[in-house]
Amino acid sequence: MTIKRFLCAALICALASTATVSYAKKGGNGGGNGGGGGEDPPPEPPPTVSYSIEILPTLGGDSSAAYGMNGDGDVVGLSYTEVSGSRSWPHGFHYDYQTQTVIDLHDLFVVEGLLDGLPYGPIEYDTETGWVVTAADDINDSGQIIGTIRLAENGIGTETFQFRYTPATATTPSFIQEILPLVEGDAVTLKAINNVGLVVGYALGEDGLEHPVAWSEPFDETTGSGGTIDLGIYNEQSTIPNDVNDFGELCGSLNTNPRAWRLDAAGYLNLGKLQKGKWGSSEARSINNLGEVAGSSTLSTVTRRAFIYDDANGMQDLGTLGGSSSWGGYLNDNGEVVGNSHTAGDEVSHAFLHSGGAMIDIEDSIPGFAGSVYYELLEPKGITNSG
């Protein structure tokens, strides 16, 4: 069921952007000490959530995958095209939520002439040789997109070009900029872009380890500034970033001894793990503008839990939808987290929203969706501040 899996990857990302969320009104306790009898007020009910669902169209092929979403609900990712020449090609796409249209980034770059200056130029489908925009990894609120352009020779990818695309404004044309690796001949794996255009990812260093990197502008030979900046590894291990907030704070995980971390002006911070004792692992997936981090951690040798971390409370277990494990971890500036969880019996997993102290099954929040034989909601890829 490959088609279903990829379609739902695009589907869940759009779902988060079309949500309407209503919260139960906070009630008082009888005006201070009056009427309460000294007893604690009853716990607030979980928020009432209602979602609509939108299946994003492909670029003519049979599958697509969503990789990133901005605050306006725009989605970017990868989609296969109709068969051209002898094959269907993977192209980066941009789903514009405002116009409800899917844009083929390869075709857009060709029309805007952005591939003309590269050797070989854009892909020639009859010979299957040239540059093709194969994926879009993330998008910010200004519409800047990061992704990969791949050189194909006789249909076989041989070189890659990591880019940041900036759309045209009323006064400037659109343009792409190359994000260079730390070691010549290698490549940068792009992970995220924030709303000021700062790009983060990781690249192989001279020591053979993966280093977190940041990029905002091309290298300036006159000033010696800009270019791909090595942020340094943590604890002498490959250090993989997964997200960056608008203040330039990063989160991610370590490879050898897997631990979630946050990087800010004070340096690296080990966020710990939920599992007690010597063993266990954790991974940070996203960071919001309050410095809160979401991800997942082992709880035991056979169970894993989604978590949220903040400086006041440390790493907090978000629970499950009735099963033994939950994972994922994308959050917004309201501290709402989305991910996946096993349901009772651990036979299936459902997408969840953790909000107002409660974990909510998203499938139950979509009218008529629960028990669907056509789709299942897999890993959510993000949540906007509007829910």
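Structure shown above.
Residues numbered from 1 in each chain as written. Predicted model: local features only at pLDDT ≥ 70, side-chain atom pairs only at ≥ 80, totals over all residues. Heavy atoms only, no water.

Novice: How would you summarise the sheet that holds strand β4 (residues 75-81) if you had to cite specific residues and measurements?
Specialist: Spatially, four strands are ordered β3-β4-β5-β6 in an open sheet, and the strand pairing comes out antiparallel. In this open sheet, the two strands that pair with only one neighbour each are β3 (60-69) and β6 (101-104). Geometrically, the sheet is characterised by an average inter-axis angle of 30 degrees between neighbouring strands, direction not taken into account. (Pairing = 2+ DSSP bridges. Helix = DSSP H or I, 4+ residues; strand = E, 2+ residues; numbered from the N terminus. Axes fitted to C-alpha atoms, helices over the stretch in contact; angles between N-to-C directions.)

Novice: Explain the side chain of Asp74 to me, using residue names and the numbers behind them.
Specialist: Relative to the helices and strands, Asp74 resides in the loop between β3 and β4. As a buried residue without a salt bridge, Asp74 has its nearest oppositely charged side chain in Arg164, at a separation of 16 Å. Within the local environment of Asp74, its side chain forms a polar contact with the backbone nitrogen of Tyr97, the two atoms lying 3.0 Å apart. Aside from chain neighbours lying at most four places away, what touches Asp74 is Gly68, Met69, His94, Tyr95, Asp96, Tyr97, Gln98 and Ile139. (Buried < 20%, exposed > 50% of the residue type's maximum accessible area, 1.4 Å probe, protein only. Lys, Arg positive; Asp, Glu negative; His and termini not counted. Salt bridge = Lys/Arg side-chain N within 4 Å of Asp/Glu carboxyl O. Polar contact = N/O pair within 3.5 Å; in protein donor to acceptor, adjacent residues only side chain to side chain. Contact = heavy atoms within 4.5 Å.)

Novice: Could you give an account of the packing of aromatic side chains, with specific residues and numbers?
Specialist: Overall, the coordinates contain five aromatic pairs when judged by the stated rule. Taking 5.5 Å as the distance between ring centres and 75 degrees as the angle between the ring planes, the aromatic pair formed by Phe109 and Phe163 counts as edge-to-face. Here the residue Phe109 occupies a position in helix α2 (residues 105-111), and Phe163 occupies one in strand β9 (residues 156-166), the gap between them amounting to 54 residues. A single burial state applies to Phe109 and to Phe163, both of which are buried. On the numbers, 5.2 Å between centres and 80 degrees between planes, the contact of Trp261 with Tyr268 is edge-to-face. Chaining the aromatic ring pairs together yields one cluster made of Phe109, Phe163 and Tyr165. The aromatic ring of Trp89 is capped on one face by Arg87, whose charged end is 4.1 Å from the ring centroid. (Phe/Tyr/Trp six-rings, centres within 6.5 Å; stacked < 30°, edge-to-face > 60°. Lys NZ or Arg CZ within 6 Å of the ring centre and 35° of its normal.)

Novice: Explain the environment of Val183 to me, and be specific about the residues and the numbers.
Specialist: Relative to the helices and strands, Val183 resides in the loop between β10 (175-178) and β11 (188-193). Between the alpha carbons of Val183 and Ala203 there is a distance of 8.0 Å; along the sequence they are 20 residues apart. Residues within four places of Val183 in sequence aside, it is in contact with Leu204, Gly205 and Glu206.

Novice: Describe the side chain of Arg285, naming the residues involved and giving the relevant values.
Specialist: By the secondary structure assignment, Arg285 is in strand β19 (residues 282-287). Only 2.7 Å separates the side chain of Arg285 from the side chain of Tyr330, close enough to count as a polar contact. A polar contact is formed between the side chain of Arg285 and the side chain of Glu379, at a distance of 2.9 Å. With residues near it in sequence (within four places) discarded, Arg285 still touches Asn242, Asp243, Cys251, Ala294, Gly295, Gly328, Gly329, Tyr330 and Glu379.

Novice: Outline the environment of Ser386, listing residues and values.
Specialist: With respect to the secondary-structure elements, Ser386 resides in the segment after β26 (358-361). Here Thr384 takes part through its side chain, which lies 3.0 Å from a polar atom of the side chain of Ser386.

Novice: Summarise the pairing of strand β17 (residues 260-264); cite the residues concerned and give the values.
Specialist: The element β17 is extensively covered by neighbouring structure, given that four of its five residues are classed as buried. Pairing of strand β16 (residues 250-254) with β17 involves four bridges; the strand directions are antiparallel. Looking across to β17, one finds that Ser253 is bridged to Ala260. As paired elements, β17 and strand β18 (residues 267-272) share five bridges and run antiparallel to each other. Residue pairing for β18: Leu263 is matched across the bridge by Tyr268. Between the antiparallel neighbours β17 and β18 lie two residues.

By themselves, these observations are geometric and do not establish any function.
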